[in-house]
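Structure at a glance
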Amino acid sequence: MGVLTTGMGGDSLSLRAAMMRESLQKSQTITDSVVSILGSFDHRLSALETAMRPTQIRTHSIRKAHENIDKTLKAAEVILAQFDLSHQAESKILRGPREDLESYLEAIDQLRSNIRFFSSNKGFKSSDGVLSQANSLLAKAISKLEDEFKQLLLSYSKPVEPERLFDCLPNSLRPSSGSPGDYSGKNPSNNHAEHHNNSLENAVYTPPTLIPPRVLPLLHDLAQQMFQAGHQQQLLIIYRDTRSSVLEESLHKLGVEKLSKDDVQKMQWEILEAKIGNWIHYMRIAVKLLFAGERKVCDQMFEAFDSLGDQCFAEVTRSSVSVLLSFGEAIANSKRSPEKLFVLLDMYEIMRELHSEIETIFIGKACAEIRESASSLTKRLAQTAKKTFGDFEEAVERDATKTAVSDGTVHPLTSYVINYVKFLFDYQSTLKQLFKEFENGDEGGSQLASVTMQIMQALQTNLDGKSKQYRDPSLTHLFLMNNIHYMVRSVRRSEAKDLLGDDWVQRHRRIVQQHANQYKRNAWGKILQCLSIQGLTSSGGGSSVAGDGGSSGVSRAIVKDRFKTFNMQFEELHQKQSQWTVPDTELRESLRLAVAEVLLPAYRSFIKRYGPLVESGKNPQKYIRYTAEDLERMLGEFFEGKNVNEPKR
């Protein structure tokens, strides 16, 4: 049973294996057939591809040819368009800019575009000819543009009338009558303090509109085309020639003159002083209004043109600046004299006031020479002012005026020097700045105080010399008392007191008192001796009177002689000193009182004591001519500076 089963299973497996082998053989056969078929198909495809290749090549060539034709046509269209635009631009340019300036400028831009196009397409057969024609046309266009720029600039460049400039000034700086050159009553040296109290340096100035705002953009576009064409020099020349003459004419209408150094030297001081006052106003107007306005025009017209704006501005203003500064230089270099100090300080002040604006307006390398000229004038004025100040001190000390004041009043030199010094204090800040420039580390205040004291001392030294011209010592002391008192009073009432100090004032008040005391001793010492009891007793045969009044043993003759001498001396003093002058009311009354306090008690005492000796004799009125009240009244006539007749009995 088991053997049979095994045998049957083995046959089944063999059968299955045989079937599988047969099946595999069939599959291999099919595979070989498929491979054979595929190989045949690949061969046929290869043959087909070989057959198709010429056709493919021809198709690609045709496609490329079409692409090239399209590109060529498009390039031709561009070139033709450039030709068309060039013709359009040419027709506009040939018509000129007058008809339509904006269109003309567009045509120039188009022409430049065409030139750039053909310059980058040199392979085009006619490009050289086109470029030559376009460049020639552009040159003509720029030439016409220059003419248009010049004509347009001329049309709108007019001198600025003075009245229009005055309207731009603060009220306090406008001329009194509103006419050019008429600044009467407004000379800075006449009301310098008032000007500075009004803080004119901070006043607002509105530069006039020199060219209408609507025209400036058009001029800018014209200038830009010329600039791009490389015509900077032509642009500079046109602008300079047009605007500089207009600026000069504006200043001329204002009153600015071209004066040489010789003209200035020959001019009388009164005339020159007025011209200097006007020059100060002209400088303000020129810098703050005209030059500022011209700078604004240049900045707008030549915006983004490198430094061309600076060059044009420098060229336009150079001549006008030169005229103004040359006058200042002529004054600074002229012969020095004390009266010029204040105008020099005025000129120095205006140059300092305008310094920052000059530096701002005249900016850039092209304006460097102008800035340097302005700075040089400022320094020159400072140097001359300082030397003039030194000259003044020396002139005061050496003043050799022989004209003496016969009445002993304040000498003209004293009032001149004191007024001069008082005037200096209107310029206190300026003088401190001036001294500061020449003294390293010194703020200028101590230097100013030192110089002022030296001037005052120089005046005293000179007055001492002048006082020696008087033969009468009492008049010598009256003269010195008057003059030093004038100095003290003037200092106390001015800013000089702060600079010279209380010590100076007190010291000189004592000097005044010393001269007053010396005057009393010299003028009244001798006459007071007549009222003294000394020498009244007689040692000879002259009659004498005994009595209770203290006149025992006193000689009547000597008493009479004393009265006669007193009368004669008093009348002489009255006649002479009534013509002398003490101009200060307070000082005059004080001096009269000081004399009366000594003279009147002595006179009353003498009359009371010795009057009876005379009254008991013949003609007493011959000796006792005056009462104490008469003397007091007559003392009230002293120092009035009047010619007085001999007093009546």
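Anything mentioned here points back to the structure above.
Just so it is clear, the model here is predicted, and its values are computed rather than measured. (Residues numbered from 1 in each chain as written. Predicted model: local features only at pLDDT ≥ 70, side-chain atom pairs only at ≥ 80, totals over all residues. Heavy atoms only, no water.)

**Some words on the side chain of D407**
When you line up the elements, D407 lands in the loop between α12 (368-398) and α13 (412-424). Buried within the structure, D407 lacks any salt-bridge partner; its nearest side chain of opposite charge belongs to R588, at an N-O separation of 10 Å. A distance of 3.2 Å separates the side chain of D407 from the backbone nitrogen of T409, its partner in a polar contact. Within the local environment of D407, its side chain forms a polar contact with the side chain of T581, the two groups lying 2.8 Å apart. Not counting residues within four places of it along the chain, the set of residues in contact with D407 comprises L475, L478, Q579, W580 and T581. (Helix = DSSP H or I, 4+ residues; strand = E, 2+ residues; numbered from the N terminus. Buried < 20%, exposed > 50% of the residue type's maximum accessible area, 1.4 Å probe, protein only. Lys, Arg positive; Asp, Glu negative; His and termini not counted. Salt bridge = Lys/Arg side-chain N within 4 Å of Asp/Glu carboxyl O. Polar contact = N/O pair within 3.5 Å; in protein donor to acceptor, adjacent residues only side chain to side chain. Contact = heavy atoms within 4.5 Å.)

**A short note on the layout of surface pockets**
Estimated volume of the largest pocket: approximately 460 Å³. Every element with two or more residues in the lining of the largest pocket is listed here: α16 (473-492), α18 (502-529) and α20 (585-615). A per-class count over the lining of the largest pocket returns six nonpolar, three polar and seven charged. (1 Å grid on protein atoms, 1.4 Å probe; cavity = no way out; pocket = protein on both sides within 12 Å on 5 of 7 lines; lining within 4 Å. Points joined across faces, edges and corners; volume = space filled by probe spheres on them. Nonpolar A, V, L, I, M, F, W, Y, C, P; charged D, E, K, R; others polar.)

**Overview of the packing of aromatic side chains**
With the rule as written, the count across this model stands at 24 aromatic pairs. Between Y470 and F479, the aromatic rings sit 5.3 Å apart at their centres with planes inclined by 55°, giving tilted as the arrangement. Look at F563 and F606: their rings are 5.1 Å apart centre to centre, the planes differ by 65°, and that puts the pair in the edge-to-face class. Residue F563 is located in helix α19 (residues 556-577), and its partner F606 is located in helix α20; the two are separated by 43 residues in the primary sequence. Residue classification places F563 among the buried positions, given a relative accessible area of 1%. The residue whose ring lies beneath R295 is F313, and the NZ or CZ to ring-centre distance is 4.8 Å. (Phe/Tyr/Trp six-rings, centres within 6.5 Å; stacked < 30°, edge-to-face > 60°. Lys NZ or Arg CZ within 6 Å of the ring centre and 35° of its normal.)

**Examining the packing of α12 against α13**
Axis separation between α12 and α13 bottoms out at 12 Å; the angle between their running directions is 155°. Accordingly, the angle class assigned to the pair α12 and α13 is roughly antiparallel. Classified by chirality, the crossing of α13 by α12 is left-handed. In this structure, α12 contributes F389, F392 and V396 to the contact, and α13 contributes L413, Y416, V417, Y420 and L424. Grouping the constituent residues of the contact of α12 with α13 by class yields eight nonpolar, no polar and no charged. (Axes fitted to C-alpha atoms, helices over the stretch in contact; angles between N-to-C directions. Parallel < 35°, antiparallel > 145°, perpendicular 65-115°, else oblique. Left-handed = near helix turned anticlockwise from the far one by under 90°.)

**Some words on the pattern of salt bridges**
One pass over the full model with this rule turns up 21 salt bridges. The salt bridge partner of K288 is E357, with a shortest N-O separation of 2.7 Å. On the criterion of sequence distance, the pair formed by K288 in helix α9 (residues 269-301) and E357 in helix α11 (residues 341-361) is long-range, its members being 69 residues apart. Take E357: its relative accessible area is 24%, and that puts it in the partly exposed class. Linking R592 and E640 is a salt bridge whose minimum nitrogen-to-oxygen distance equals 2.6 Å. With R592 in helix α20 and E640 in the segment after α21 (628-635), this pair connects stretches of sequence that are 48 residues apart. Taking the relative accessible area as the measure of exposure, E640 reaches 32% and is therefore partly exposed. One connected set of salt bridges, linked through shared partners, spans R240, D241, E315 and R318.

**Digging into helix α6 (residues 216-228)**
The end-to-end C-alpha distance of α6 is 18 Å, a good match for the 18 Å that 13 residues give at a rise of 1.5 Å each. Within α6, burial applies to L216, L219, H220, L222, A223, Q225, M226 and F227. Positioned one or two residues after α6, G230 has a phi angle of 80°, which is positive. (Expected span 1.5 Å × (residues − 1).)

**Some thoughts on empty space enclosed by the protein**
According to the stated counting rule, one finds four cavities of 30 Å³ or more in the structure shown. Looking at the largest cavity, its volume works out to about 60 Å³. Along the walls of the largest cavity sit M283, V287, F291, V321, L324, L325, I358, F362, I370 and A374, which together make up its complete lining. If you list the elements that add at least two residues to the lining of the largest cavity, you get α9, α10 (308-332) and α12. A breakdown of the residues in the lining of the largest cavity according to their chemical character gives 10 nonpolar, no polar and no charged. Each pocket or cavity is described by its volume, and for the second largest cavity that value is around 50 Å³. In this structure, the second largest cavity is lined by M351, H355, I358, E359, R371, A374, S375 and T378. At the level of elements, α11 and α12 are the ones that each hand at least two residues to the lining of the second largest cavity. When the residues that make up the lining of the second largest cavity are grouped by side-chain class, the tally is three nonpolar, three polar and two charged.

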